[in-house]
Each structure stands twice: as C-alpha cells, then as structure tokens.
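So the chains spell out like this:
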Amino acid sequence: MRRTRPVPPRPVLLAALAVTTAGSLLLTPHTATADRKPVTREGAGANGGRPADARAATIPAGAAARALTAPVDGLTGTGRGYPREQVLSPDPVNPADKSIKLGLIPYHGIAPKLNDLQKLGDRVSVEVAGRSAGGHRLYLVTVTAPESAAQARAQERMRRLIENAPAVAAKSQAIKRSYKAPVFFNNNIHGNEWEGTDASLKLVERLATATDARTRDLLAHSRIYFNITANPDGRIAGTRANANGFDLNRDFVTSSQPEGRAMRQIEIDKQPTVMLDLHGYVNGTLIEPTTPPHGENYEYDLFLKNTYANALGMEAAVNGLGYTAQRDGVEPAQIPFRDQKEGWDDWPPVFTPQYAAFQGTVAAHTVEIPMTVNNSAYDTLPVAELRRRSAINVAVAGAAIKATLNYVQDHRTSLVADQIEVFRRGAAGAAQVPVSAATVPGVPGIGPEDVYTTTFPRAYVIPAGASAQRSAPAAARLVDHLLANDVKVTRAGHAFRLGGRTYAKGSYVVDMRQPKRGLANVLLADGRDISAKVSVMYDISGWSLGRLWGATVQPVGRGSLLGLPLRKVTAATRAGYVAPYGRLRLRLRLDDPREIAALNSLLRDGVSVRRAADGSAIVPASARPKAVAAARAYGVAFDATKATGTASLRRTRVAAAVTPGELFALREMNFEVTPVSTAVLNAGFDWAGADVLFVSQDLSYEGLKPAARTALDAFLHSRGLVGRGAAGAALNSAAGMLAVKAVEGNGDANGVVRVMNSGRSPVTAGAPDHGFVYAPVWFTDLGPGVRVDQSYGAGRLLVAGHWRSLGDGSGGPAAAAGKASVVSGPHAVLFGTEPLFRDHPKGEFAQVARALLSAPTASAGRSRG
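I will try to describe carefully the structure that is included in this document.

Thresholds applied
Residues numbered from 1 in each chain as written. Predicted model: local features only at pLDDT ≥ 70, side-chain atom pairs only at ≥ 80, totals over all residues. Heavy atoms only, no water. Pairing = 2+ DSSP bridges. Helix = DSSP H or I, 4+ residues; strand = E, 2+ residues; numbered from the N terminus. Phe/Tyr/Trp six-rings, centres within 6.5 Å; stacked < 30°, edge-to-face > 60°. Buried < 20%, exposed > 50% of the residue type's maximum accessible area, 1.4 Å probe, protein only. Lys NZ or Arg CZ within 6 Å of the ring centre and 35° of its normal. Core = buried A, V, L, I, M, F, W, Y, C linked by side-chain atoms within 4.5 Å. Contact = heavy atoms within 4.5 Å. Salt bridge = Lys/Arg side-chain N within 4 Å of Asp/Glu carboxyl O. Polar contact = N/O pair within 3.5 Å; in protein donor to acceptor, adjacent residues only side chain to side chain. Expected span 1.5 Å × (residues − 1).

## Comments concerning the sheet that holds strand β21 (residues 637-641)
The strand order across the open sheet built from six strands is β17-β21-β18-β20-β19-β22, with neighbouring strands paired in mixed fashion. Of all strands in the sheet, those bounded by a partner on one side alone are β17 (577-578) and β22 (648-649). As paired elements, strand β19 (residues 609-611) and β22 share two bridges and run antiparallel to each other. Considered in β22, the bridge of R610 is made with S648.

Structure (structure tokens):
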C-alpha cells in the first residue's frame with residue numbers, strides 16, 4: 001500500500017458508501033483496515049514491524065554489488081514466436097518463506113508451477129526478465145495465442161511503428177485489424193503485499209486451458225504479460241523492500257535497483273496499453289485513478305478517460321464477489337478520483353503506474369486489495385484468520401485482473417488508438433488537452449483542481465566544451481539514463497547556435513518533439529512548487545535530474561533544429577581521460593560520485609593521494625597506470641597539475657547508522673562501510689575498525705548503555721561525526737560536538753531548493769547551487785568554531801516540491817531562507833539537507849563524501865588501530 005493518512009472524501013462521495021462504511025465500523029470495530037503508518041519516508045514501514053535500528057544494519061554489501069553491476073538487457077526472444085517455453089531449474093526449498101504461513105505460494109514453488117503451466121498447451125511462455133538484488137529470478141509470463149516467428153516479427157514492427165511513426169500508425173489498417181493489444185500485470189512489488197502473485201498464477205492457468213470463444217478471442221487479439229513477483233527478496237522475507245532495503249515503488253526516477261530496471265525494460269519492450277500494479281492493503285479496495293495533483297507531463301485526458309472507465313469495471317467486479325463488511329470485514333471498493341479530495345496523487349513518476357503512463361500506457365492503476373495480513377497482523381493473528389484474509393485478497397485481485405481483461409477485449413481498438421495519439425502529440429509537438437467534462441465525457445466531478453498541464457521547451461541542451469568539463473561524468477550519466485528510459489538523444493558534430501546561444505561540439509540535444517516527450521520533460525525540467533495546490537502530498541514532489549544530478553541542463557524555449565549537426569546516439573561518450581604522459585602529478589576532481597568511487601579505488605589499491613587546496617585529489621605520476629584503469633572504469637578525468645597537495649587522504653572506514661538508500665550510495669562510492677545501530681553499539685562495537693561515524697537514523701544516544709556511550713564519546717572526540725537531519729543533529733547535541741541549535745522544518749516538506757555554498761569549504765566548495773530536502777533542518781545559534789558550509793537560498797527558496805508552514809506558522813521555507821543548511825567544526829559536519837536520498841540526487845553525493853574524507857584528517861597522526 002502507499003497511503004500516508006486518511007483524507008476527507010470529495011463532496012461527491014456516494015452517500016450509500018458513506019452509510020455502509022460507517023455502519024460496518026460500528027458493527028465490526030476490529031475488522032481489517034488500511035495500515036495507516038506513514039510510508040513516504042524511506043524505510044518507514046518497510047520491514048514488517050522489525051525494530052527501526054535493525055534496518056540498514058542487516059543489509060548485505062553483496063546486494064548492493066549485485067544491484068550496481070546487474071546488466072540492463074531487453075528480454076530474450078527477439079525474432080522468436082510464441083510460445084517461448086523453457087524448463088526452469090528449481091530453487092532450494094525454503095521453509096522460512098513468509099508466504100507459507102498465509103497459504104500462498106512460496107518463491108521456491110513458483111518455478112515448478114511455471115513449468116507445469118507451460119505444459120498445459122501452447123499459450124503460456126516464461127522468460128527470465130532479470131534478477132533481484134538478492135539474486136532471485138524475475139519471471140515474465142506471456143499468455144497469448146500462438147504466433148509463428150514471422151507473426152511475432154510483424155507484431156514487433158507494428159509496435160515500433162506505433163511509437164516511432166505514430167501519424168502513420170494511426171492510419172494503418174493492419175494495426176486496427178491485427179495488432180495484439182499488450183496488457184501488463186505487475187505483482188508483489190512490495191514484498192509483504194503478496195496476493196497479486198497467486199491471483200495471477202490462477203488466471204494464467206485458467207487462460208491456458210479455457211476453450212470458450214471469448215477467451216480464444218481475447219488471446220487472439222492481445223498479449224497478456226504477468227510479472228509474477230517483482231520483489232522476490234521481499235516476498236521471501238516478508239518485507240516491503242528488496243534485499244537492499246529499497247521500496248521498489250519509489251525507484252522509477254532513478255532505477256537504481258535491478259528489479260526496477262527489469263520493470264522499466266518490460267514497459268519499453270512490451271509497450272502495454274493497460275497495466276495494473278497489485279498492492280495491499282486498503283479496505284475497501286482502492287482502485288486508481290487518483291486525487292489531484294495529477295502529473296503535468298502526460299496526456300491526462302487520454303489517461304483519465306481509460307483509467308476511470310476501467311476502474312468502474314474493476315469496482316463492479318470486486319463488489320460483485322459478494323463480500324460484506326458485516327460478514328467478512330470487507331468494505332466496498334473506492335476510487336480516489338471520485339471518492340477522495342486529496343492525499344493519493346499521481347504527481348511524481350516514482351510509482352509504477354505513473355511511470356507506465358510515460359511509456360504510452362493509457363490506463364494504469366495501483367490496486368490496493370483489502371485485508372491486512374502483513375506487519376503486526378502477520379505476527380499476531382491466528383494462521384486460520386490470516387489464510388481467510390489472504391484467500392479474500394486473492395479473489396479480489398483476481399476480480400480486478402479479469403475485469404481489466406474484459407475492458408481490454410471490449411476496447412482494444414480505442415486503447416491502441418489512444419496510445420498512438422500519446423506518441424503522435426509528442427512527436428508533433430502538439431499541445432496537451434486539458435481535462436474537462438467536454439474533453440473527457442463520462443468522468444464525473446472534473447474540476448479546476450484536476451487540470452495540470454505544462455509548456456514543453458523546444459529542446460534541452462546538455463553542453464560540452466571547456467566550461468562543461470567539470471560536469472562531464474554527470475552529463476554522461478544523465479545521457480545514459482535518458483537513453484535507458486527510451487528518450488531519444490542526439491549529439492552535435494560541431495559547434496552550433498540554438499535559441500540565441502552557441503554550444504560547443506559534443507553537446508547533447510534532447511529534441512522535445514519525440515514520442516516520449518513527457519518522460520524527457522519529467523526527468524529534465526525543474527518541476528513546480530505546488531505547495532499552494534494541496535495541503536498534503538503522498539510522496540516526493542520535486543525530483544529534477546537537471547538540477548540534482550550535477551550536469552548542466554539548459555532548456556531552449558524555441559528555435560529550429562533543422563540543419564543542426566546532430567546525430568542520434570546510443571550511449572554517452574565516455575568521459576574517462578588521463579593527461580598525456582609526463583612527470584607532472586595528476587589531479588582528480590571530487591565533485592561527482594564516480595570521482596569519489598575512483599578515488600576510493602585508488603586508496604584501496606594503496607596509492608598515496610593528497611588533498612589539494614581546492615578540494616580535489618592529487619595523484620603521484622608514478623600511479624599513472626592505476627589512474628588510467630580508474631579513468632576507464634569510472635569515466636572520470638585526471639588532469640596534469642604541479643600542485644603537491646596538503647593532507648594525505650586515507651581509505652576511510654565508515655560506521656553508518658543510516659537509511660538503506662544512504663548505505664547504498666556510500667557503497668556505490670566505494671566507501672568501506674560497516675552498518676551500526678543502537679543495538680550494535682550496545683552489543684560491543686570495535687571502534688578501531690572505523691574512522692568516522694555517519695548518522696541519520698537508528699542511533700539513540702539516550703538508548704546506549706553506559707559502556708557503549710563512553711566508547712562512542714571517545715571515538716567522536718578523537719575522530720569524527722557526519723550527521724544528517726534531525727537524528728544526526730540530536731546525536732551531535734547529546735555528545736556535545738558542535739555548538740549549534742537544530743531547527744526542524746515541516747516533516748512533510750520535500751523538494752528541490754536553492755542553496756548558497758561557501759567557496760572555502762572543503763565540503764561544499766564548487767557544489768551545485770541546488771539541493772534536495774525531505775523534512776528539512778537548519779542551524780541557528782552557532783557557537784565559536786562553527787563554520788557555515790552552505791546556507792538555504794534567500795528569497796524564493798523552494799524551486800520544486802511541496803513545503804508549507806506548520807499550523808502555527810513555523811517550519812516553512814520563509815523561516816529557513818538564508819539559514820545554515822550545512823555546518824562543520826573540527827570533528828563534525830551536520831547536514832540539514834538530504835544529499836543521498838534514495839540514491840537519487842547524484843550531484844549532492846560528493847558533499848557527504850568530502851565530509852567523510854575530511855574526518856580522518858582532523859586527527860592526523862593517530863594510529864589506524
């Protein structure tokens with residue numbers, strides 16, 4: 001599930017629903033209801049009720065390594081027909097699989113089940129779409145009428161025509177007559193929301209064997225794809241998150257996890273017209289479309305038209321199962337667009353259905369099945385009751401899937417036509433169509449609060465040349481990310497002028513007249529401050545890669561691209577470079593996570609590196625071969641320099657009480673990290689193996705035993721602390737480190753903010769002038785010896801996101817403007833921003849890395865222990 005809090009209903013809420021719900025609550029006060037615990041913050045509610053300080057401390061480094069190195073490939077079978085059968089090897093039986101208690105299929109039972117389903121006829125195919133962070137196979141099942149290789153190739157040609165030549169596709173009689181509408185069911189993306197998997201397997205079996213005319217017609221005119229379990233790590237462990245502690249339904253902006261990349265590739269390769277993402281648990285069953293604010297970058301008129309109509313069909317099917325609140329504890333289904341005012345929005349592209357809309361899906365839904373069986377319910381309810389609830393959930397999920405297939409079958413032609421229209425508008429640079437009663441007939445209750453559109457620029461330019469050299473690794477990363485999302489990018493063969501500016505040879509251009517312009521814009525645009533639009537947001541409200549990834553991205557409002565020296569690229573030009581051979585030392589900037597990773601690899605290999613006055617790293621000429629290898633591996637540049645550097649840089653060993661996303665980012669930058677927590681320290685932690693402590697959660701000074709507290713005090717005052725947010729500031733205060741007062745802003749506030757960096761700070765000198773916040777903190781009452789490394793911008797602080805003052809007027813952006821956001825002293829650095837959030841704001845990573853690297857030098861000369 002993804003609800004944060006109950007919200008008031010829209011005035012149009014059906015009276016009968018209100019009466020039924022109220023009556024059922026009076027009659028059955030202990031019925032299963034939605035889990036109301038907030039889940040917007042990373043890690044919150046993600047571990048099935050485990051203690052907070054057990055989260056990141058149990059995440060293995062191997063999971064991060066697998067996530068960072070997993071290939072991003074399309075599915076096998078290009079040019080092959082259907083079925084595409086294979087015999088899957090079995091997984092070891094795991095009696096601890098959390099599915100078993102619920103009477104559901106354990107992960108080790110899925111491969112044998114799929115083998116059996118393939119034997120039922122010629123309609124079922126199984127492919128491995130990738131592997132999870134924990135190393136488990138991700139199964140994509142296709143159900144369709146058999147196709148020869150030639151027929152499959154014809155389907156693929158039509159799919160490509162729909163995307164790449166939509167104006168032609170709109171006139172194609174072959175597409176109208178014979179294109180199979182793709183539909184996608186995504187299951188179990190939250191590992192402890194199990195039942196979509198079981199409902200899908202039941203339906204696959206029925207479709208494999210049914211002989212009625214309607215089923216034969218469905219399979220002749222559609223391909224039905226099932227991602228059987230998107231999160232096998234969590235399914236086995238009974239956790240919301242995968243083996244890296246990531247909520248996969250928050251990862252679609254960055255696709256940092258292999259499961260997210262697999263889902264992304266399914267969307268690109270299969271191009272579904274309709275999709276469901278099956279979740280739990282909200283009672284009654286919640287079926288999107290959503291409340292405002294609506295994503296401003298997709299063609300919402302087409303999306304709302306189909307998503308609302310399909311929601312009505314699912315609602316009827318779910319309610320038609322006959323479950324009641326009085327007898328079964330099951331409330332009637334609800335549709336947020338119709339039944340709620342706000343709080344369940346589709347603004348960010350981090351959720352599976354919202355991301356799907358940018359890949360051409362014109363009806364996409366989160367479906368929250370009703371009966372809670374996870375978290376505390378899993379541990380406290382009798383097995384019989386859990387299995388009763390799970391059986392209801394399987395039936396509800398099955399009803400939603402079947403209703404969706406009915407909608408696809410009855411509206412195949414119009415669904416395909418609407419997908420073509422999405423791509424046609426993008427390619428033509430056509431204006432969006434605002435939703436209204438006239439443009440989306442049949443959808444009641446559309447008001448001005450539902451109208452969100454944007455103005456697309458003519459293009460985006462990611463500049464090259466001497467002025468952009470500093471951000472070259474970031475530019476390469478951004479271009480590769482755009483390409484991985486199927487956004488078309490070109491590169492200039494020589495200098496050119498566009499929009500009144502001259503750009504150097506090698507600059508990248510994203511032409512916004514392309515089929516997936518909405519996705520390009522949602523990733524590259526600044527975004528919008530929507531604080532005045534709604535009182536509460538479901539999840540992050542600002543995420544601009546153009547501002548937060550460290551690359552320079554310049555929108556061009558108007559101008560012609562005709563005649564410009566642009567060529568389509570399939571990968572970014574590698575930024576790796578080492579100055580020509582000579583006796584001069586080499587300089588490596590430390591502005592980008594790839595540069596930090598390269599530095600840490602050199603330090604791990606025993607290279608003697610020193611810090612320069614500007615914060616960069618000085619590598620001796622004798623280490624040139626290792627610098628060449630690092631430049632090739634990480635795509636970074638080593639320039640020649642005469643500088644000798646000052647303090648030596650050491651291989652920094654980090655003890656970290658942090659979120660899973662922060663832990664992942666540290667490992668991505670090749671830091672040697674040991675996760676810790678209150679419990680770990682109380683058990684007796686050997687501080688000789690650490691150089692610095694990084695704290696953002698899960699470490700309570702008051703919760704430490706006397707011996708653990710004494711050991712921590714000794715470590716902090718001889719070595720160093722890097723703290724982030726309220727938890728880091730609290731530990732700083734309790735341990736008597738920096739003399740500052742930490743002020744907490746609105747805990748729901750998040751987004752992209754302007755910042756001002758100190759040019760003399762070893763932490764933030766040269767850092768981007770934008771940062772990311774979630775539950776922002778700022779620092780006042782600075783004592784002697786406290787340095788301000790960064791401040792929140794004055795004036796209009798929030799660029800994109802949602803940040804309101806609290807009810808008493810405090811905690812808002814006006815209170816934070818101009819205040820210190822990063823402060824430091826001899827043994828501590830405190831961040832009020834969130835520079836490693838969900839492995840996302842890549843351009844901010846180096847600030848944390850520099851703080852960590854600075855800490856060991858604060859006590860130079862000490863023994864490594």
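## Brief notes about the packing of aromatic side chains
Per the counting criterion, the structure on display carries 21 aromatic pairs. Judged by centre distance (6.2 Å) and plane angle (20°), the rings of Y107 and Y139 are stacked. Taken as a pair, Y107 in the loop between α2 (61-69) and α3 (110-118) and Y139 in strand β2 (residues 137-143) lie far apart in primary sequence, 32 residues in all. With respect to burial, Y107 and Y139 carry one shared label: buried. Joined through ring pairs, the aromatic side chains of Y298, Y300, F303 and F358 make up one cluster. The ring of Y82 has R84 sitting right over it, with the charged end atom 4.0 Å from the ring centre. K101 extends its terminal NZ or CZ atom over the ring of Y378, reaching a point 4.5 Å from the ring centre.

## Some thoughts on the nonpolar core
Formed by 144 residues in total, the largest nonpolar core has its most connected members in L114, I224 and F226. The dominant element in this core, judged by the number of residues it contributes, is helix α16 (residues 383-410), at 12 residues. Residues contacting I224, with those up to four places away along its chain left out, are V141, T142, V143, V183, F185, L207, L218, L219 and L405. I596, V654, L663 and F845 belong to the second-largest nonpolar core, a separate cluster that totals 47 residues.

## Topic: unusual backbone geometry
Following Y82, the chain continues into P83 via a peptide bond in cis, with omega recorded as 10°. Mapped onto the secondary structure, P83 falls in the loop between α2 and α3. Cis geometry is adopted by the peptide bond preceding P293, which originates at P292 and carries an omega value of -5°. The backbone of S255 sits at a positive phi, close to 50°, despite the residue not being glycine. Within the secondary structure, S255 is located in the loop between α9 (232-237) and α10 (258-270). At R838, a residue that is not glycine, the phi angle is positive and equals roughly 50°. By the secondary structure assignment, R838 is in the loop between β34 (828-831) and α28 (845-857).

## Examining the pattern of salt bridges
Counted by the stated rule, this structure contains 42 salt bridges. A salt bridge links E385 to R388; the nearest nitrogen and oxygen atoms lie 2.9 Å apart. Linking E385 with R388, this pair stays in helix α16, spanning three residues, or about one helical turn. For R388, a relative accessible area of 32% gives the class partly exposed. Between R838 and D539 there is a salt bridge, with its nearest N and O atoms 2.9 Å apart. In this pair, R838 sits in the loop between β34 and α28 while D539 sits in the loop between α19 (517-524) and α20 (545-548), placing the two residues 299 residues apart along the sequence. According to the relative accessible area criterion, R838 is buried, its value standing at 7%. D539 sits in the buried class, given a relative accessible area of 1%. Look at the salt bridges and you will find they share partners, linking E156, R159, R160, E163, D486 and K516 into a network.

## Notes on the environment of R123
The residue R123 is located in the loop between α3 and β1 (124-131) in this model. Residue class for R123 comes out buried when judged on its relative accessible area of 15%. Separated by 388 residues in the primary sequence, R123 and D511 have C-alpha atoms spaced 41 Å apart. With sequence-adjacent residues up to four places away left out, R123 is seen in contact with T142, V143, T144, L207, A208, T209, A210, T215, R216 and L219. A polar atom in the side chain of R123 sits 2.7 Å from the backbone oxygen of A210.

## What about helix α18 (residues 472-484)?
Relative to the 18 Å expected for 13 residues at 1.5 Å per residue, α18 spans 18 Å between its end C-alpha atoms, a close match to the ideal helical length. Within α18, 11 of the 13 residues are buried, which leaves it mostly tucked inside the rest of the structure. When α18 is considered as a whole, its buried residues turn out to be A472, P473, A474, A475, A476, R477, L478, V479, H481, L482 and L483. Looking at the packing, one finds that the buried side of α18 touches α10, β10 (459-462), β14 (508-511), α19, α20 and α21 (593-604). Of the residues one or two after α18, D486 is the one with positive phi, at around 70°.

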